[in-house]
Amino acid sequence: MDQFSMLNKDLSDTDQRSAFNRSELLRVSALALLGIAGVTLVIVLILYFVIQLAWPLLLTMLIIILGAAAIAGATLLMVRTKRENWGISLFLYGFIALIVIANYFLGGLHGPIWPVLIFPVVTAGLLSTARDSVRLAVIVLLFYITFSILELNGIITPVFDVSMIPNLLHMLIFVALVMLLAVVTWQSSRSLSEALARVQEQAEALLHFNEMMMEKNIQQVELGSELSVAAAQMQLASQQQASGATEQASAVSEVSTTIEELGSTAQQIAQSSELVADAAQQTLMNLSMGQDAVDEAIRAMDRINQRVQDISARVLALGERSQQIGEIIDLIDDISDETHLLALNAAIEAAGAGEHGRRFAVVAAEVKNLANRALLAAREVRGVIAEMRQATHGAVLAAEQGAKEVEQGTALSQRAGQIMDTIVMMAERTAQSAAEISLATAQQQSASEQVVETMRDIANVARQSAAGARQTAESAALLTGIASRLHGITQSYPESS
Amino acid sequence: MSVAVSESNTHQLAGTWLLMRLSTELYALPGPAVRELIRYRAPVPVPGAPPSLPGLINQRGAILTVVNMHVLLGLEQTVPSRTSRYVYVHHEETDLALIADSVIDLIDIAADQVQALPTSLDPVRAQLLEAVVHHEDQIVALLDLDALLRVLREAL
Amino acid sequence: MPNLVLTLQTARHTYAVIHRPEVQIRFIGGATALGTTDSRNRPLIKADLGTLLDYQDISDQGSRYAFVVPLRRRSVALLCDAVSEMHTVDEGELSPLPPLLYHRLPHRWVWGVYTPSETLILVLDLYEIALDLIRQTAQPHGETA
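Read on for an overview of the structure. Quantities reported herein were computed from a predicted structural model and do not represent experimental measurements.

With that out of the way, let us pick up the overall build of chain B. Counting its secondary structure elements, chain B contains four helices and eleven strands. Counting only residues that meet the buried cut, chain B has 53% of its 156 residues in that class. For chain B, the proportion of contacts with a sequence separation of at least 24, taken over those separated by at least 6, is 58%.

Printed below as a string of structure tokens:
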């Protein structure tokens with residue numbers, strides 16, 4: 001897992017692909033260059049001793065070998081000191097320069113140019129980036145042009161002309177180059193395929209990890225957003241709670257005020273109900289007296305009724321008597337009428353009798369006067385009797401009226417007695433109710449006191465809860481900030497991957 | 001028929017008169033003509049007789065022709081009462097029973113009391129009257145029996 | 001010469017008549033009905049005495065008495081409710097109507113008065129009544145009594 005950790009460490013690097021095994025490649029390349037140097041030394045020695053080549057050639061070869069070895073050593077040194085970029089660039093450009101120079105001096109303008117052109121480019125393409133290949137190609141071209149210009153102007157001359165170089169050597173160089181290329185390519189491709197496989201694994205792992213990360217990120221994001229929402233809600237809720245608690249506190253104080261008022265009212269009611277109970281008791285006492293009075297009144301009415309009936313009967317008897325008197329008076333009237341008639345007739349007779357009847361006429365006149373007086377007296381008596389009868393009639397009527405009124409009075413006093421009974425019942429009920437009310441109000445008073453205390457507790461709790469809610473709101477605000485920050489962080493992840 | 005009361009007439013009219021009430025008015029009959037006062041009783045009606053002669057009564061054997069003075073004088077008819085009387089008058093051989101609502105008394109009328117009848121009096125009534133007198137602040141009409149008989153024979 | 005006086009009753013009044021042998025008194029009622037002719041087969045005219053003398057005097061009695069007054073060519077039956085008494089009276093108890101009244105009457109149906117003790121009963125002249133009835137009924141034919 002070293003690589004994974006290394007990769008993990010290099011996640012932020014921009015040139016991931018070209019750098020995955022550069023140090024190893026450089027090490028390989030350096031070894032290959034050492035190998036080339038050795039092979040070339042062997043070839044040079046063979047050439048010199050077997051083929052009997054001239055020393056300039058051998059010198060050139062030696063320079064090349066030394067250059068290659070130097071480059072390889074430098075490269076290895078670079079690798080050891082972990083200066084990969086520098087090392088690879090130095091290796092490549094040094095290698096290219098060596099090859100180009102060697103190629104020129106070994107072949108001149110007519111030497112094997114194509115391998116010189118192809119080799120570095122391919123190597124660069126294999127070992128480095130496309131940019132490096134282009135850069136190498138340009139550099140090689142510049143070298144070649146420079147050498148061409150210099151050779152044409154005669155400033156420099158190749159060590160070997162192509163024509164001087166036997167085809168075998170030419171062939172050998174080519175083969176050596178191809179072999180080197182093949183080695184490089186093999187190494188490169190092996191390491192590349194391994195690297196690729198590893199990379200694939202790593203990529204898969206990375207992908208998996210990425211997915212996990214993504215999921216986690218998403219979860220985080222979701223959680224973050226939920227958290228922020230929840231935090232916001234919580235903040236809102238706690239704010240509401242805080243305001244609610246404040247309101248509750250004020251409401252509780254109002255309620256406790258009201259209940260205190262209620263308590264005082266209950267006290268008043270209790271006092272009033274005591275008063276009512278006293279009044280009802282008083283009423284009951286008065287009513288019992290009143291009842292006695294009513295009973296007395298009823299008895300008195302009965303007595304009055306009897307008296308009135310008595311009086312009425314007596315007055316009626318009197319009326320009958322007066323009628324009898326009237327009949328007698330009628331008789332007297334008739335008699336005096338008759339007497340008057342007789343006296344008149346006597347007077348008439350006396351008048352007819354002339355002188356003889358004069359004395360008789362006097363008597364007749366006396367009788368007539370008597371009759372007249374009797375008539376007048378009878379008339380007077382009749383008037384008196386009429387008055388008396390009227391009076392007795394009125395008295396009878398009055399007595400009847402009185403009897404009726406007495407009956408009504410009796411009925412009324414009986415009703416009054418009944419009403420008194422009802423009132424007594426109601427007063428008793430009132431007294432009872434008042435007692436109940438005073439009991440109930442006392443209970444209510446104690447209950448309201450309890451309620452006031454409870455309300456005070458509630459108010460305290462509300463005040464506390466308001467403070468708590470305020471704290472919660474602050475915490476929620478903090479949480480909201482954290483959530484928003486988290487949100488920002490988690491949202492920036494998917495963009496980079 | 002104008003009634004002029006002459007000096008001799010007033011002298012003639014002075015004397016005893018029977019004062020009676022007919023309806024609401026006071027009338028007087030000459031005392032010498034009055035025979036008796038009789039308590040009223042229902043007369044025996046005679047078929048075909050005029051309203052002024054409602055019937056007959058028998059007073060101790062004397063057959064009296066009842067005279068309704070109200071009809072003759074044009075007075076309002078009255079229902080007979082306890083005070084109603086017949087005044088038995090004998091005049092010119094004729095016995096009459098005049099119905100009076102009540103008979104008051106025999107009164108003496110002096111000549112100077114007699115006054116002429118008011119000219120505004122109804123002629124039907126006036127023909128039966130001699131004169132008027134004031135008696136105890138009341139006007140009393142004096143009935144003329146001759147005129148009464150004459151009227152009874154002629155009409156009503 | 002003593003007179004025989006009969007008293008008779010109508011529904012409202014009591015009258016008297018002086019008895020005459022030729023005037024029959026017949027009882028009418030039940031099976032006995034008064035025919036249209038008299039015993040001598042002459043026409044019989046009937047009249048109610050009560051209503052004749054007093055239009056308000058209407059009898060409601062079933063059995064009646066009839067005074068059948070014979071005239072020259074017919075008889076008149078005058079009906080009353082009852083014939084009660086027959087008195088033999090002195091001249092003093094029968095008196096004619098007072099002339100004043102008598103002259104004021106339209107007919108001669110009442111002869112006079114019968115005055116036993118303090119009472120007074122009118123004495124009717126049945127012949128006068130019968131003749132008047134005949135005159136009234138026969139007047140259109142010009143018949144006279």
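In this assembly, eleven residues from chain B lie in contact with twelve residues from chain A. Contact between chain B and chain A buries roughly 1,100 Å² in total, counting both sides, with carbon and sulfur atoms accounting for 46%. Among the residues of chain B in contact with chain A, Leu37, Arg39 and Arg82 of chain B are the three that bury the most area, contributing 44% of the side total. Where chain B packs against chain A, one counts seven salt bridges. Of the charged contacts, one joins Arg39 of chain B and Asp337 of chain A as a salt bridge, the two residues approaching to 3.8 Å between their closest N and O atoms. Viewed at the interface, chain A and chain B are joined by seven residue pairs in polar contact (both at pLDDT 80 or more). Looking at the side of chain B that touches chain A, the elements that each hand over two or more residues are β3 (34-39) and β8 (102-109) of chain B. Considering each element in turn, the side of chain B that touches chain A owes the most residues, five residues, to β3 of chain B.

Residue and element names in this part refer to chain B. Across the six residues that make up strand β2 (residues 25-30), a large majority, five, are buried. Connecting strand β1 (residues 15-22) to the antiparallel partner β2 that follows it, the hairpin turn spans two residues, and Ser23 within it adopts a positive phi of roughly 55 degrees. Note that β2 and strand β11 (residues 138-143) share three bridges and pair parallel. The residue bridging Leu26 from the neighbouring strand is Val140, located in β11.

On to the sheet that holds strand β9 (residues 110-114) of chain C. Residue and element names in this part refer to chain C. Taken together, six strands build an open sheet; the order of strands is β7-β1-β2-β10-β9-β8 and the sheet is mixed. The open sheet has two edge strands with one neighbour each: β7 (82-89) and β8 (94-96). The sheet shows a mean angle of 35 degrees between the axes of neighbouring strands, direction not considered. Here strand β1 (residues 3-9) runs beside β7; their pairing, made up of seven bridges, is antiparallel. Pairing of Leu8 across the sheet is with Val83, part of β7.

Once that is clear, we can look at the pattern of salt bridges. As enumerated under the stated definition, the model contains 16 salt bridges over all chains in all. We note a salt bridge from Lys368 of chain A to Asp105 of chain B, for which the minimum N-O separation is 2.5 Å. Of this pair, Lys368 of chain A sits in helix α8 (residues 358-496) while Asp105 of chain B is found in strand β8, placing the two residues in two different chains. In this structure, Lys368 of chain A and Asp105 of chain B share a single accessibility class: buried. The network of salt bridges with shared partners includes Asp333, Asp334, Asp337 and Glu338 of chain A together with Arg39, Arg82 and Arg85 of chain B.

Another point: the interface of chain B and chain C. In this complex, chain B contributes 23 residues to the contact, which on the side of chain C involves 20 residues. Interface area for chain B against chain C, summed over the two sides, is near 1,700 Å², with a carbon-plus-sulfur share of 72%. Looking at the side of chain B facing chain C, the largest losses of area belong to Pro47, Asn58 and Ile63 of chain B, adding up to 36% of the total buried there. Run the count over chain B and chain C and you get zero salt bridges. Inspection of the region where chain B meets chain C yields four residue pairs in polar contact (both at pLDDT 80 or more). The element best represented in the side of chain B that touches chain C is helix α4 (residues 145-154) of chain B, accounting for five residues. Its residues assigned to classes, the side of chain B that touches chain C comprises 16 nonpolar, four polar and three charged.

Looking at the element boundaries, Thr115 of chain C is found in the loop between β9 and β10 (121-124). The exposure class of Thr115 of chain C is buried, given its relative accessible area of 8%. Considered as a pair, Thr115 of chain C and Gly92 of chain C are 23 residues apart in the sequence and their alpha carbons are 8.4 Å apart. Those residues in contact with Thr115 of chain C that lie beyond four places of it in its chain are Asn58 and Ile63 of chain B together with Gly92, Glu93, Ser95 and Leu120 of chain C.

The next thing to look at is the side chain of Asp337 of chain A. Along the polypeptide, Asp337 of chain A turns up in helix α7 (residues 167-352). In this view, Asp337 of chain A contacts Leu375 of chain A together with Arg39, Arg82 and Arg85 of chain B; residues no more than four positions away in its chain are not counted.

Attention now moves to the packing of aromatic side chains. Residue and element names in this part refer to chain B. Under the defined criterion, the tally for this structure stands at two aromatic pairs over all chains. The interplanar angle of 35 degrees and the centroid separation of 4.9 Å between the aromatic rings of Tyr40 and Tyr86 together place this pair among those described as tilted. Of this pair, Tyr40 sits in the loop between β3 and β4 (55-59) while Tyr86 sits in strand β6 (residues 85-91), and the two are 46 residues apart along the sequence. For Tyr86, a relative accessible area of 0% gives the class buried.

Below, the discussion takes up the environment of Leu128 of chain B. Residues and elements named next belong to chain B. Turning to its location among the elements, Leu128 is positioned in the loop between α3 (123-126) and β10 (129-135). Residues Leu128 and Arg150, spaced 22 residues apart in sequence, show a C-alpha to C-alpha distance of 9.3 Å. Ignoring any residue separated from it by four or fewer positions in sequence, one finds Leu128 in contact with Leu72, Leu73, Leu142, Leu143, Asp144, Ala147, Leu148 and Val151.

Calculation notes
- Residues numbered from 1 in each chain as written.
- Chains lettered and ligands numbered in written order.
- Predicted model: local features only at pLDDT ≥ 70, side-chain atom pairs only at ≥ 80, totals over all residues.
- Heavy atoms only, no water.
- Helix = DSSP H or I, 4+ residues; strand = E, 2+ residues; numbered from the N terminus.
- Buried < 20%, exposed > 50% of the residue type's maximum accessible area, 1.4 Å probe, protein only.
- Contact = heavy atoms within 4.5 Å.
- Buried area = accessible area lost by both parts, 1.4 Å probe.
- Salt bridge = Lys/Arg side-chain N within 4 Å of Asp/Glu carboxyl O.
- Polar contact = N/O pair within 3.5 Å; in protein donor to acceptor, adjacent residues only side chain to side chain.
- Pairing = 2+ DSSP bridges.
- Axes fitted to C-alpha atoms, helices over the stretch in contact; angles between N-to-C directions.
- Nonpolar A, V, L, I, M, F, W, Y, C, P; charged D, E, K, R; others polar.
- Phe/Tyr/Trp six-rings, centres within 6.5 Å; stacked < 30°, edge-to-face > 60°.

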